[in-house]
Amino acid sequence: MSRTSKGWFQEMGVDVQAKTCSCMKWELTGIPCKHAVTVNWNMGSNAMNVGLPESWVSDVYRPKKKRRKAKDEMMSKVALEGKLTRSGHLKHCSKCKNAGHNSRSCKG
């Protein structure tokens, strides 16, 4: 499916299926050029299926969803329960340095 992106002085051909543009930046970098982004925007505004934005970028530039955890991390309390807690940790005020409240609720 070929689309055209019209600029101020020139017209570029963008092939969405092949992920190519006549400016050659998309093929060289793996990241869509400004012409491809314009075509993507126009296709989306005309109710055409453009797919996920990640599908337009080369696999090289896609970050991994999660980092690989070590075995000891997988067995920790945070990994098993899903969140950190502050149990056993007292709040200290930054104004009066007393325990049990913070600076927003400090009375003196």
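Keep in mind that this is a model prediction, so the values were computed, not measured.

The rules behind the values
- Residues numbered from 1 in each chain as written.
- Predicted model: local features only at pLDDT ≥ 70, side-chain atom pairs only at ≥ 80, totals over all residues.
- Heavy atoms only, no water.
- Helix = DSSP H or I, 4+ residues; strand = E, 2+ residues; numbered from the N terminus.
- Contact = heavy atoms within 4.5 Å.
- Areas by Shrake-Rupley, 256 points an atom, 1.4 Å probe, with all protein chains shown as cover.
- pLDDT = per-residue confidence, 0-100.
- UniProt positions renumbered as here; feature names shortened; annotations may be inferred.
- Buried < 20%, exposed > 50% of the residue type's maximum accessible area, 1.4 Å probe, protein only.
- Pairing = 2+ DSSP bridges.
- Disulfide = S-S within 2.5 Å.
- Core = buried A, V, L, I, M, F, W, Y, C linked by side-chain atoms within 4.5 Å.

1. A few points about the overall build of the protein chain
Inference 1: Along the backbone of the protein chain there are 4 helices and 3 strands.
Inference 2: Mapped from its N terminus to its C terminus, the protein chain presents α and β elements in the order β-β-β-α-α-α-α.
Inference 3: Counted over contacts in the protein chain with a minimum sequence separation of 6, partners at least 24 positions apart contribute 24%.
Inference 4: Accessible surface, the protein chain as shown: approximately 9400 Å² in total, 55% of it carbon and sulfur.

2. Focus on the confidence of the model for the protein chain
Inference 1: With 82% of its residues at a pLDDT of at least 70, the protein chain reaches an overall mean of 78.
Inference 2: No element of the protein chain has a lower mean pLDDT than strand E1 (residues 2-6), at 56, and none a higher one than strand E3 (residues 20-21), at 88.

3. Topic: the UniProt feature "domain: SWIM-type" (unreviewed entry) in the protein chain
Inference 1: Taken from the UniProt record, the annotation "domain: SWIM-type" (unreviewed entry) applies to residues 12-44.
Inference 2: Helix makes up 48% of residues 12-44 and strand makes up 18%, while its end C-alpha atoms are separated by 19 Å.

4. Quick look at the pairing of strand E2 (residues 11-15)
Inference 1: Because side chains alternate across E2, one face comprises the buried residues Met12 and Val14, and the other comprises Glu11, Gly13 and Asp15, none of which is buried.
Inference 2: Here 2 bridges tie E2 to E3, and the two strands are oriented antiparallel to one another. If you follow Val14 over to E3, its bridge partner there is Cys21.

5. Details of the state of the cysteines
Inference 1: This model, assessed by the stated rule, comprises 0 disulfides.
Inference 2: The thiol sulfur of Cys21 is not disulfide-bonded, and the nearest other cysteine sulfur, from Cys33, lies at 3.6 Å.
Inference 3: Here Cys21 falls in the buried class, since its relative accessible area comes to 3%.
Inference 4: With no disulfide of its own, Cys96 lies 3.7 Å from the sulfur of Cys93, the closest cysteine sulfur.

6. Some words on the environment of Lys91
Inference 1: Along the chain, Lys91 falls in the segment after helix H4 (77-81).
Inference 2: When the C-alpha positions of Lys91 and His101 are compared, they lie 5.7 Å apart, and in sequence the two are 10 residues distant.
Inference 3: In this view, Lys91 contacts Asn98, Ala99, Gly100 and His101; residues no more than four positions away in its chain are not counted.

7. Focus on the nonpolar core
Within soluble globular proteins, side chains that are nonpolar generally end up buried alongside one another.
Inference 1: Formed by Met12, Val14, Val16, Cys21, Trp26, Cys33, Ala36, Val39, Met43 and Trp56, the largest nonpolar core amounts to 10 residues.
Inference 2: Mapped onto this core, the elements with two or more residues apiece are E2 and helix H2 (34-45).
Inference 3: For this core, the element with the highest residue contribution is H2, accounting for 3 residues.

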